[in-house]
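Each chain, letter by letter, is given below.
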Amino acid sequence: MEQAFRPSLPVGQGNTGEVAWSDTLGTVVSNDPWGLDSEGITQDNEGNFWICDEYGVSIWKLDQNFKVLNRYTPFPNEMEDLPLDSLLGKRRANRGLEGITYTPNGKIFAVIQSPIDNPNTATGNASRIHRLVELDPATGAMRTFVYLHEPDLGQIRSRDWKLGDLIAINNEEFLTVEHAERNGWNSKNIYKFSIAGATPVTSNDFGGSTLEQLTPAGLATTASYRFKKEFYTDLLELGWERQHDKPEGLAIVNDSTIAVINDNDFGIAAPNADGKIVLTGKTTRLYVFGLPADKHLDYVNPYCKADLGQDYVTCGPLEAFLALGGQGFTQATWSDGNTDLNRIIDSAGTYAVAAVNQYGCTARDTITLGQSDFPSVNLGETNSSAQAHL
C-alpha cells in the first residue's frame, strides 16, 4: 500500500480536475537519505515495527516510538544502515519490496514485488522469479528463497504480474496476492506456498545465467529449489470490485478469516506521464472474507507473552514459585543459568527469563524479589497503675 512521504502537491490550476507542477518549483526535489515509500508493516514480539520500502528496497527496524534502530539496504551509507543483498538494488523501478511479515520463530520475511532487472530490464520483464528475503534479527543472518508467479494469461504478460503482499501462516507457510490486469484481462488470486525443504539461493551464476534468466524448468534442473505453491482463492469470485485494481494489503484474522485491502494511489494518477495529475475517484476498501472449512489455515499466532508476576518483598524467609510451564512455553533460560520452566526461588534478587514456546516464539520478562526480617513492634511500657473508670 502506498504510504510514501512525499512533497506536498502544488496548487491546482484551472477547473479541469488536474494539478500541474509550477514552473517556479524547479525540476527535481533533492534526494532525502531517509526518504521512504513504506509498502508493508509488521510488528515483532518485542514491540518493534518492521517496514519494507518499495523505492529504496530496504527493510527498516523501528522501536515502539518509531525511532529508526536499523535499516537494511543494498546501499548502506548511514550509521544505522546494515547491508542487504546488493542484487536487490537491481529492482524494477517502483517494484521493490512490497510485502513483509513476521513468523512465530522470530524471522522477518520480505518479498520483491516483481522480478529484478538482473542483469537487465529485458530479463526482469520476462522472468517469473521473485526473491523472498529471510532475515533473522537475533543473528543478522539472511537467506534468499525463490517464488514463481503465474505464466502469461491471455493478454497478461509476465511483466504485468505483481505480488501485492505477504503474510505468514506459520514458520514455513505463507499467503501472497498475485494480481495483474491488461487489455480487459484481470486476475487477482491468493496463493499459499511453503519453503519447507527449500534450498536458499547462494549464487548468481547458474551455468552462465543469472537466477532471473532461468526458466522454471531450468530452475528445477540447475538447482534443487523445492518450491511448493497452490492456488488458494480468487478475489474476484469472492466479490472484489474490479475498480480496486491493486490488492496490496493482506492479513490473517484467524484460522477461518482473512482480510484484504486495496491501494488507491491517493485517488490520483498521471496517465500521460507529463506531470499533470488527475483525480481517479478510486477509494480504499477493506474486504473481510470468511473461509469455507476446506480453506481453513493452520495458523500460528506469532506472538507470545511470559508473565512472572509483580515484583514484591516478603517478610521472613523467602520462597517464591515462578511458573512458566502453564503459559505454553517449552524452554526457559534464566539470567542465573537455570533452565527450569518452573522453579522455587529462595534468594532475593532480580531474575530475568527468555522463554520459548513450541513454535519458536520467544518472550522475556523480569521479576525482582526482596526479603526483609519481621518488623519489631513496640507498644510502649506496661502501666500497672492504670485503672478502668466506669
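Above this text you will find the structure in question.
Owing to the predicted nature of the structure, the values given are computational and were not obtained by experimental measurement.

1. Notes on the layout of surface pockets
Roughly 380 Å³ of internal volume is contained in the second largest pocket. For the second largest pocket, the lining is made up of 26 residues, of which Ile-41, Asp-165, Ile-167, Leu-250 and Ala-251 are closest to its centre. The biggest single contributor to the lining of the second largest pocket is strand S15 (residues 247–254), with five residues. Residues belonging to the lining of the second largest pocket are distributed by class as follows: 17 nonpolar, six polar and three charged.

2. Quick word on the packing of aromatic side chains
In the structure shown here, the tally under the stated rule is 10 aromatic pairs. Summarising the aromatic geometry, the rings of Tyr-102 and Tyr-303 are spaced 6.0 Å apart at their centres and angled 20 degrees between planes, so their arrangement reads as stacked. Separated by 201 residues along the polypeptide, Tyr-102 in strand S7 (residues 97–102) and Tyr-303 in the loop between strand S19 (286–290) and strand S20 (312–315) bring together distant segments of the chain. Among the residues examined, Tyr-303 registers a relative accessible area of 39% and is labelled partly exposed.

3. What to know about unusual backbone geometry
Backbone torsion omega between Asn-118 and Pro-119 reads 15 degrees, so that peptide bond is classified as cis. Inspection of the secondary structure assignment puts Pro-119 in the loop between strand S8 (108–112) and helix H1 (121–126). In this model, Asn-94 sits at a positive phi of 65 degrees, which is unusual for a non-glycine residue. Among the structural elements, Asn-94 can be located in the loop between strand S6 (81–83) and S7. Classification of Asn-94 as partly exposed rests on a relative accessible area of 31%.

4. Quick notes on the environment of Leu-369
Mapped onto the fold, Leu-369 is located in strand S25 (residues 362–372). By relative accessible area, which is 2% here, Leu-369 ends up buried. Through-space distance from the C-alpha of Leu-369 to that of Ala-320 is 8.2 Å; in sequence the pair is 49 residues apart.

5. A look at the sheet that holds strand S14 (residues 228–234)
In a beta sheet, neighbouring strands are held together by backbone hydrogen bonds and run either parallel or antiparallel to one another. A sheet is described by the order of its strands in space; here four strands give the open sequence S11-S12-S13-S14, paired in antiparallel fashion. Lying at the two open borders of the sheet, with one neighbouring strand each, are strand S11 (162–168) and S14. The mean inter-strand angle of the sheet, taken between neighbouring strand axes irrespective of direction, is 25 degrees. In this sheet, strand S12 (residues 173–182) lies alongside S11 in antiparallel orientation, the contact comprising five bridges. Among the inter-strand pairings, Leu-163 is bridged to a residue of S12, identified as Glu-178.

6. Quick word on the nonpolar core
Judged by nonpolar contacts, the single largest core of 18 residues is most densely connected at Leu-308, Leu-324, Phe-329, Trp-334 and Leu-369. The set of elements that each furnish at least two residues to this core consists of strand S21 (320–323), strand S22 (329–334), strand S24 (349–357) and S25. For Leu-369, the residues in contact, after removing those within four places along its chain, are Tyr-312, Leu-318, Ala-320, Ile-345, Ala-348, Gly-349 and Tyr-351.

7. Structural notes on the pattern of salt bridges
For the coordinates displayed, the defined rule picks out 16 salt bridges. Note that Arg-131 is salt-bridged to Glu-212, the shortest N-O span being 2.7 Å. In this pair, Arg-131 is assigned in strand S9 (residues 129–135) and Glu-212 in the loop between strand S13 (185–194) and helix H2 (216–222), connecting sequence segments 81 residues apart. Assigned by exposure class, Arg-131 and Glu-212 land together as buried. Between Glu-178 and Lys-229 there is a salt bridge, with the nearest N and O atoms lying 2.6 Å from each other. Of this pair, Glu-178 sits in strand S12 while Lys-229 sits in strand S14, placing them 51 residues apart in sequence. Look at Glu-178 and you get buried, because its relative accessible area is 0%.

Each value, and the rule that gives it
- Residues numbered from 1 in each chain as written.
- Predicted model: local features only at pLDDT ≥ 70, side-chain atom pairs only at ≥ 80, totals over all residues.
- Heavy atoms only, no water.
- 1 Å grid on protein atoms, 1.4 Å probe; cavity = no way out; pocket = protein on both sides within 12 Å on 5 of 7 lines; lining within 4 Å.
- Points joined across faces, edges and corners; volume = space filled by probe spheres on them.
- Helix = DSSP H or I, 4+ residues; strand = E, 2+ residues; numbered from the N terminus.
- Nonpolar A, V, L, I, M, F, W, Y, C, P; charged D, E, K, R; others polar.
- Phe/Tyr/Trp six-rings, centres within 6.5 Å; stacked < 30°, edge-to-face > 60°.
- Buried < 20%, exposed > 50% of the residue type's maximum accessible area, 1.4 Å probe, protein only.
- Pairing = 2+ DSSP bridges.
- Axes fitted to C-alpha atoms, helices over the stretch in contact; angles between N-to-C directions.
- Core = buried A, V, L, I, M, F, W, Y, C linked by side-chain atoms within 4.5 Å.
- Contact = heavy atoms within 4.5 Å.
- Salt bridge = Lys/Arg side-chain N within 4 Å of Asp/Glu carboxyl O.

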